[in-house]
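What follows is the residue order along each chain.
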Amino acid sequence: SNLDNTGLIAALQRGASRVIALINADSPFRGDERFCSPPPWPDPMGAVTAQLLDKFGYAASGGNMGFYGNNRVFAEDQVFPLLCEFSRLQGEGLPLVAKQTLTVEANAWWGLRGGAAVEVAFVLLGKSTRFLALLPKETMFEIEKGETGSLDRFPNYRTIFQNSDLTALNAGQVNILAALGEFSLLQN
């Protein structure tokens, strides 16, 4: 079996020509200026979540918690302009929102014929220093506490056991994610 956590593949199955892919990664993006240089590019594994890389043919195993082996829908080399843009945005302290027009590749597993052009706005959950600079001091103090604070791992919370309940986030965690989401959209 396979899994697509972004909803992108379902949109492609329906023939969408414009898609917003919300990628709520549990690990932070690790930008690298080498993603912006000519090939050969560095291995993107470990720099960004498998929830993005699998669409470009990387992260096929998805580790021990995912099944991404059949999720390639775009050419492998097309991930690097996206990672370059994310690296640039991260360097400027901006939210990780980048738009790309891509050609869908044939994928029999998901029933995609391939050849269609799709404009995708990729929204990758990540820290924005410009957003952090707008937060009240008390909130920043909680973030800076790390594991002992109520906002540990912000914004890349664990998908399970972030708190004592299996999947629940507390009100403060949800509210700051909502504020980051609003900021991300308003900046783009």
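Residues numbered from 1 in each chain as written. Predicted model: local features only at pLDDT ≥ 70, side-chain atom pairs only at ≥ 80, totals over all residues. Heavy atoms only, no water.

Q: Help me get a handle on the sheet that holds strand E1 (residues 18–23), residues and values and all.
A: The 3 strands lie next to each other as E1-E3-E2, forming an open sheet whose pairing is mixed. Whereas interior strands pair on both sides, the edge strands pair on one side only; in this sheet they are E1 and strand E2 (96–103). Along the sheet, successive strands turn relative to each other by an average axial angle of 20 degrees, direction set aside. Direction of pairing for E2 relative to strand E3 (residues 117–124): antiparallel, over a ladder of 8 bridges. Following the sheet pairing, leucine 96 is matched in E3 by leucine 124. (Pairing = 2+ DSSP bridges. Helix = DSSP H or I, 4+ residues; strand = E, 2+ residues; numbered from the N terminus. Axes fitted to C-alpha atoms, helices over the stretch in contact; angles between N-to-C directions.)

Q: Explain helix H6 (residues 171–187) to me, using residue names and the numbers behind them.
A: Here H6 spans 24 Å end to end across 17 residues, near enough to the 24 Å set by a 1.5 Å rise per residue. Residues of H6 that are buried: Gln173, Ile176, Leu180, Phe183 and Ser184. Along H6, the residues classed as buried sweep out an arc of 100 degrees about the axis, all on the same side. Exposed residues pointing more than 90 degrees away from the buried face of H6 are listed as Ala171, Asn175, Glu182, Leu185 and Leu186. In this structure, the buried residues of H6 make contact with E2, helix H4 (129–132) and helix H5 (137–144). With a side-chain oxygen lying 3.0 Å from the backbone nitrogen of glycine 172, the N-terminal cap of H6 falls on asparagine 170. (Expected span 1.5 Å × (residues − 1). Buried < 20%, exposed > 50% of the residue type's maximum accessible area, 1.4 Å probe, protein only. Arc of directions from axis to C-beta. Contact = heavy atoms within 4.5 Å. Polar contact = N/O pair within 3.5 Å; in protein donor to acceptor, adjacent residues only side chain to side chain.)

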